[in-house]
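# Secondary and tertiary structure notes
Below are the chains, spelled out letter by letter.
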Amino acid sequence: MKTGFLLVILFAGCMCFAQTGMVVHLKNGSAVRGELISEDSTGVKIRTRDGSYYNYSLSEIESIEKFTPSISKSGFYNKTSVGVLGGAQISGSLNVVNGYAFNEHFEAGFGLGIESFVWDPYIPVFLEGRFNFLTGRTRPYVSATAGYEVPLIDIGNMLGGLTTGAEIGMTHYFAQHVGISTSIGYRFLYLKERSWWDDSFISREMHRFEVRLGFVFR
Amino acid sequence: MKKFLGFLAISLLFASCEDKVTHHYIQCIPVYTDYETFRQPATFGGPQSISENGNIYIKDQYLFIVSPDKGIHFIDNSNPAYPNNLGFLNLKGCTNMAIRGNHLYANSFIDLVIFDISSLTNPVEVSRVEDLFPQALPVMEKNYAVAPIDKNLGVVTAWEYQEVEEDFGDGGMINWGGCMGCDALTFEAASAQNSPSTGMSGSITRFTIINDFLYVVDYGVLHPVQITNPLAPEIFDPVYTGRMVETLFPHDDLIFMGTTTGMLIYNTTDPSKPEYVSSVNHMTACDPVVVQGNYAYVTVRTGTTCMGEINQLEVIDISNIYSPSRVAEFKMTNPHGLGIDGNNLFICDGKDGLKLFDASNPLTCGDNQLQRFKNIEAVDIIPYNNHAIVIGENGIWQYDYSDPSDFKLLSSFSF
């Protein structure tokens, strides 16, 4: 059951938002994108987005393929994700990362969010680096984060602390600028809080696995 | 399938892994002095520089300043403009003192020690009450945890500080060996009282004398000591107050106690057995008290060992000692000691300085500030006969306040 749930989470990005658009490439070099209405031994009929219908004979057609949105190779991106952190305790997480894609493989960003540990809220402030293995619409990736958990309440007694982690995941772009991302990962946290006594504090070393689901805009 | 089984196993591994909770703290490790060495008679030596604040006490023209845990400075204050440092009584573990007649009573860690001070340049230890304060411990730098103490090894006369890391889990506690409020045992003094034979201390003292009895408070325990014969003081059963008592103030035959949770009134109708009369409670804080006429003045403060969130002056109507009532409150910054002489109410308001209020109407005294000396981080004060002796975090000041609107600085000394 649990495995099934994880499967759904992991590949949600792939299964959702499946494309139905097709592109007919003509021998004259042009291409027409739309919904394929019919296809037989004589040719194809396609309806474009404006509702027009076009018929092409097989002799005019170079190829027919599923529409693949072109994704910018570099530029700014935003990833907003929600997650569940599990381990000794289960808590929620909301992160927003704004970054820059240097090329189709390497991305780096700065993140903020809100998370909860031991019933206390924190703002994670972190840097994220990401490597995409593939460059198509579906991009498996690995990423690493490092930063600081800033306490949101009782500042002074709650000292916050380091956070670092790694993820493996997949981003699927279902439109030219929008994709969905899923991941699983590991987080290590070292949080500190003052104790009752002078010059004393309590540290917590925490290990968490995390499952995240989010949207990517680029 | 194998991969997902592996992932599932890792997830379960994390789920079963508890957070590692570690307490990082400084622990006081006791340094012992064997009993024989500890109880060697105290010695009196030449003047030593006064380097820290402590209990202050006046008797006749003499001023005494306790150097916490080290001893007592003897100062001839005949001319307050030029105080003359006579010498230093080396008395380990001394934090409080009182004088009656020619005898000085002081604590030395667990013992009460009595000196004949007929000659102030040659005080002589004449008797010692052993183990009167079994809980006494050296002053510590801060509010630290204490390692277990083995009294078989001797008297704890110092601390070594050690950084400790211990894994307790969420429910664990630091091994607290005691000494909550040790800093209050440390010093403080100056209030008004006394017959001509006794001296006068500040408002934060733990020693006080009423007639033939010396009363010493040790945490929540009040020790009555009959000192009719200083050479053979008689110890009576301790009185358990049930509170963390920090200061004593005598008024007629009553003892007013400042505790961390309020003011207590005990009578000394039977001087060997003080009895509870009444109390006024407040939130947890430190609170010395002084009394004049039908009113008690209490400063309530927060601080290192003084938890809570209140810093104020409280005026308590004690015209009916069986039913004292708080009649006024005035916000302060971080009030420590206080003193009253006639209509002059002095508040040592920590970093906010020394303040003088007109107490001709006790109900509005806190609104009638006459003077403020913000350059003095005052801790305690003895105001007496238009002469104020102020001790602060970094010095001693003496003023002539015969004209409250025109304080005259007689002398000052920086630590």
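So, how was this worked out
- Residues numbered from 1 in each chain as written.
- Chains lettered and ligands numbered in written order.
- Predicted model: local features only at pLDDT ≥ 70, side-chain atom pairs only at ≥ 80, totals over all residues.
- Heavy atoms only, no water.
- Helix = DSSP H or I, 4+ residues; strand = E, 2+ residues; numbered from the N terminus.
- Areas by Shrake-Rupley, 256 points an atom, 1.4 Å probe, with all protein chains shown as cover.
- Buried < 20%, exposed > 50% of the residue type's maximum accessible area, 1.4 Å probe, protein only.
- Contact = heavy atoms within 4.5 Å.
- pLDDT = per-residue confidence, 0-100.
- Phe/Tyr/Trp six-rings, centres within 6.5 Å; stacked < 30°, edge-to-face > 60°.
- Lys NZ or Arg CZ within 6 Å of the ring centre and 35° of its normal.
- Pairing = 2+ DSSP bridges.
- Axes fitted to C-alpha atoms, helices over the stretch in contact; angles between N-to-C directions.
- Salt bridge = Lys/Arg side-chain N within 4 Å of Asp/Glu carboxyl O.

## As for the overall build of chain A
When its secondary structure is counted, chain A shows two helices and 13 strands. Put simply, chain A shows about 11,000 Å² of open surface, and 64% of that area lies on carbon and sulfur atoms.

## Looking at the overall build of chain B
Counting secondary structure elements, chain B contains three helices and 34 strands. Residue burial in chain B is summarised as follows: out of 415 residues, 58% are buried. Restricting the contact set of chain B to residue pairs at least 6 apart, pairs at least 24 apart contribute 51%. Of the roughly 16,800 Å² of accessible surface on chain B, a fraction of 49% belongs to carbon and sulfur atoms.

## Observations regarding the confidence of the model for chain A
Residues and elements named next belong to chain A. Residues with a pLDDT of 70 or more make up 91% of chain A, whose mean pLDDT is 88. When the elements of chain A are averaged for pLDDT, helix H2 (residues 12-15) gives the smallest value, 42, and strand S10 (residues 138-151) the largest, 97. For the stretch residues 5-19, pLDDT sits under 50, and the model shows 22 contacts to residues farther than four places along the chain or on other chains.

## Section: the packing of aromatic side chains
The geometry of an aromatic ring pair is captured by two quantities: the separation of the ring centres and the angle between the planes. Counted under the stated rule, the structure contains 21 aromatic pairs over all chains. Their ring planes at 65° and their centres at 5.1 Å tell us that Phe-44 of chain B and Phe-74 of chain B sit as a pair that is edge-to-face. Here Phe-74 of chain B lies in strand S5 (residues 71-76) and Phe-44 of chain B lies in strand S2 (residues 43-45), a separation of 30 residues in the sequence. A ring pair is formed by Phe-64 of chain B and Phe-74 of chain B, whose centres lie 4.9 Å apart and whose planes are at 80°; its orientation type is edge-to-face. Highlighted residues: Phe-64 of chain B in strand S4 (residues 62-67) and Phe-74 of chain B in strand S5, separated in sequence by ten residues. Considered together, Phe-64 of chain B and Phe-74 of chain B belong to a single accessibility category, that of buried residues. Here the aromatic residues Phe-346, Phe-373, Tyr-399, Tyr-401 and Phe-407 of chain B are joined through ring pairs into a cluster of three or more. Positioned above the aromatic ring of Tyr-53 of chain A, the side-chain terminus of Lys-45 of chain A is 5.0 Å from the ring centre. The cationic tip of Lys-192 of chain A hangs over the ring face of Phe-201 of chain A; the distance from NZ or CZ to the ring centre is 4.6 Å.

## Looking at the pairing of strand S23 (residues 289-292) of chain B
Residues and elements named next belong to chain B. Alignment of S23 against strand S24 (residues 295-300), held across four bridges, turns out to be antiparallel. Looking at S24, one finds that Gln-292 is bridged to Tyr-295. In sequence, S23 turns back onto S24 through a hairpin of two residues, with Gly-293 there showing a positive phi of about 60°.

## Quick notes on the environment of Pro-362 of chain B
For Pro-362 of chain B, the position within the fold is in the loop between strand S29 (354-358) and strand S30 (369-373). Other than its neighbours up to four places away in sequence, Pro-362 of chain B contacts Tyr-295, Tyr-297, Val-315 and Phe-330 of chain B.

## Regarding the environment of Tyr-144 of chain B
All names here are of chain B. Here Tyr-144 is to be found in the loop between strand S10 (124-129) and strand S11 (145-146). Under the relative-accessibility criterion, Tyr-144 is labelled buried at 3%. Residues Tyr-144 and Tyr-161 lie 17 residues apart in sequence; the distance between their C-alpha atoms is 9.0 Å.

## Regarding the sheet that holds strand S27 (residues 338-341) of chain B
Paired through their backbone hydrogen bonds, the strands of a sheet run either parallel or antiparallel. Residue and element names in this part refer to chain B. The antiparallel open sheet is built from four strands, whose spatial order is S27-S28-S29-S30. Edge positions in the sheet fall to S27 and S30, since each has one partner strand and no second. Each strand axis lies, on average, 15° off the axis of its neighbour in the sheet, ignoring direction. Note: S29 against S30, four bridges, orientation antiparallel.

## Overview of the pattern of salt bridges
Pairing between side chains becomes possible if they bear opposite charge and their charged atoms approach one another. The final tally for this structure, using the stated rule, is 26 salt bridges over all chains. The partner of Glu-210 of chain A in a salt bridge is Arg-187 of chain A, with the nearest N and O atoms 3.3 Å apart. Residue Glu-210 of chain A is found in strand S13 (residues 201-217), and its partner Arg-187 of chain A is found in strand S12 (residues 178-194); the two are separated by 23 residues along the sequence. Exposure remark for Arg-187 of chain A: the relative accessible area of 5% places this residue in the buried category. Counted as one network, the salt bridges with shared partners bring together Arg-39, Asp-111, Glu-125, Arg-128, Glu-130 and Asp-131 of chain B.

## Notes on the sheet that holds strand S22 (residues 275-281) of chain B
Residue and element names in this part refer to chain B. An order of S19-S20-S21-S22 is seen for the four strands of this open sheet, with the pairing classed as antiparallel. Two strands close off the open sheet at either side, each with one partner strand: strand S19 (245-251) and S22. Neighbour to neighbour, the strand axes of the sheet diverge by 20° on average, direction disregarded. Pairing of strand S21 (residues 262-267) with S22 involves six bridges; the strand directions are antiparallel. From the neighbouring strand, Gly-262 faces S22, where its bridge partner is Asn-281.

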